Amino acid sequence: MTYTFLGPEGTFTEAALLKVPGARDAARVPASNVNAAMDAVRDGTADAAMVPIENSVEGGVTATLDAIATGPDLRIVREEVVPITFVLVARPGTRITDIRRISTHGHAWAQCRGWAAAHAPDAVHLAASSTAAGALALLDPASRPGDAAICAPIVAEEHPELEVLATDIGDNPGAVTRFILVARPGALPPRTGADKTSVAVPLPEDRAGALMEILEQFAARGVNLSRIESRPTGRYLGHYFFSIDVDGHIQDARIADALRGLHRISPHTRFLGSYPRADGARPVVKDHVTDEAFASAREWVEGILGG
Ligand SMILES: O=C(O)C(=O)Cc1ccccc1
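Summary of the structure given here.

Conventions we followed
- Residues numbered from 1 in each chain as written.
- Predicted model: local features only at pLDDT ≥ 70, side-chain atom pairs only at ≥ 80, totals over all residues.
- Heavy atoms only, no water.
- Helix = DSSP H or I, 4+ residues; strand = E, 2+ residues; numbered from the N terminus.
- Buried < 20%, exposed > 50% of the residue type's maximum accessible area, 1.4 Å probe, protein only.
- Contact = heavy atoms within 4.5 Å.
- Areas by Shrake-Rupley, 256 points an atom, 1.4 Å probe, with all protein chains shown as cover.
- Lys, Arg positive; Asp, Glu negative; His and termini not counted.
- Charge placed at Lys NZ, Arg CZ, Asp CG, Glu CD.
- Near = heavy atom within 4 Å.
- Polar contact = N/O pair within 3.5 Å; in protein donor to acceptor, adjacent residues only side chain to side chain.
- Nonpolar A, V, L, I, M, F, W, Y, C, P; charged D, E, K, R; others polar.
- Domains from an automatic or database assignment.
- Pairing = 2+ DSSP bridges.
- Axes fitted to C-alpha atoms, helices over the stretch in contact; angles between N-to-C directions.
- Expected span 1.5 Å × (residues − 1).

1. Focus on the overall build of the protein
Here's step 1: Helix and strand content of the protein: nine helices and 15 strands.
Here's step 2: Projected onto the principal axes, the alpha-carbon positions of the protein cover approximately 85 × 45 × 35 Å.
Here's step 3: Per-residue burial for the protein yields a buried fraction of 47% across its 307 residues.
Here's step 4: Of the contacts made within the protein by residues no fewer than 6 positions apart, 76% connect residues no fewer than 24 positions apart.
Here's step 5: Counting every atom, the protein has about 14,600 Å² of accessible surface; 54% of that belongs to carbon and sulfur.
Here's step 6: Taken as two groups, the 29 positive and 38 negative side-chain charges of the protein have centres that lie 3 Å from each other.

This is the structure we're talking about:
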């Protein structure tokens, strides 16, 4: 098994990957961005890729939402939730007051903006492909790095050449990021009873109530949504798809039935996977949407049709 992840070593994404049973002893190949990680799975260079998908403070990671909704099909097979704490690192001798450019991933910058405004008000953000990439660039002057970087504490621990100027600089102490493990389509992860299903649903155009019709498919079957966000398809202004997570597995009759309904409304709906929830929380399933209720309803109709 070969895993890839948003690298280099020391990213929060690597921390998420290391939580996967067996990943510590498997081949792990860092990718320089989310698209490269997904492409490595598509072309068979890697079997699975860990990528960030959403943060409790900054919201969705659009590169991931878009990459998985377009191009050859990929499937989410697992999720991991990782608590996030940030440190500020620099080359030894740097004073916080001298810092003008702080390099880090956009999601990390968004979560430390308040701290930066208070402690390094003259500093601007220098975008890096990941927190670890921004920090390691400090050690390579040829890469025209910033004056400091925001990264995970592990990067500083593994690189004593970097000095830690401040710890725990995130604006929201309880911040967590959710990561997904994606693979090529294959056998579905088995239903556990505490699962999520993800879909990308293009919004039918010029149709009043189209979003309502999509949501109705879930509401009518007692299915709870845990995330919904709209993304432009990139085709033209005003054309969107909805990236949706719901509680349940496609092997649950209520989810399968809701997906059939979605497909009728939006035939290019993409199934992105059914996989165990990181928190193990089981949904409350109302009596009229249990597997048994669906089976008995089907038998009733079949009985009538069979005469
Ligand atoms: O850059 C990283 O370390 C990542 O894994 C992406 C990220 C960035 C900021 C918060 C959570 C994840």
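2. Section: the site of the ligand
Here's step 1: Around the ligand, the structure places Leu-6, Thr-11, Phe-12, Thr-13, Ile-84, His-105, His-107, Ala-108, Gln-111, Ser-130, Thr-131 and Thr-177.
Here's step 2: In the model, an oxygen atom of the ligand is placed 3.0 Å from a nitrogen or oxygen of the Phe-12 main chain.
Here's step 3: The separation between an oxygen atom of the ligand and a polar side-chain atom of Thr-131 is 2.4 Å.
Here's step 4: For the ligand, whose unbound accessible area comes to 320 Å², protein coverage reaches 99%.
Here's step 5: Those elements giving two or more residues to the shell around the ligand turn out to be helix 1 (12-18) and helix 4 (106-119).
Here's step 6: Here the shell around the ligand takes three residues from helix 4, the largest share from any one element.
Here's step 7: When its residues are assigned to classes, the shell around the ligand shows four nonpolar, eight polar and no charged.
Here's step 8: Each of domain 1 (1-84 + 172-186) and domain 2 (87-167) contributes no fewer than three residues to the shell around the ligand.

3. With respect to the sheet that holds strand 10 (residues 163-167)
Here's step 1: Across the sheet, five strands lie side by side as 8-7-9-6-10; this open sheet has mixed pairing. Each end of this open sheet is capped by a strand with a single partner; those strands are strand 8 (124-127) and strand 10. Across the sheet, the mean angle separating the axes of adjacent strands is 30 degrees when strand polarity is ignored.

4. Examining the pairing of strand 12 (residues 195-202)
Here's step 1: Most of strand 12 sits out of view: seven of its eight residues are buried.
Here's step 2: Taken together, the six bridges between strand 12 and strand 15 (residues 270-276) define a ladder with antiparallel strand orientation. Its bridge partner lying in strand 15, Ser-198 is registered against Gly-273.
Here's step 3: Two elements, strand 12 and strand 14 (residues 240-247), share seven bridges in a ladder whose sense is antiparallel. If you follow Lys-196 over to strand 14, its bridge partner there is Asp-247.

5. As for helix 8 (residues 253-265)
Here's step 1: The first and last C-alpha atoms of helix 8 sit 19 Å apart over 13 residues, in line with the 18 Å expected at 1.5 Å per residue.
Here's step 2: For helix 8, every residue scored as buried is listed here: Ala-253, Arg-254, Ile-255, Ala-256, Ala-258, Leu-259, Gly-261, Leu-262 and Ile-265.
Here's step 3: Considering only its buried residues, helix 8 is in contact with strand 12, helix 7 (210-219), strand 14, strand 15 and helix 9 (291-305).

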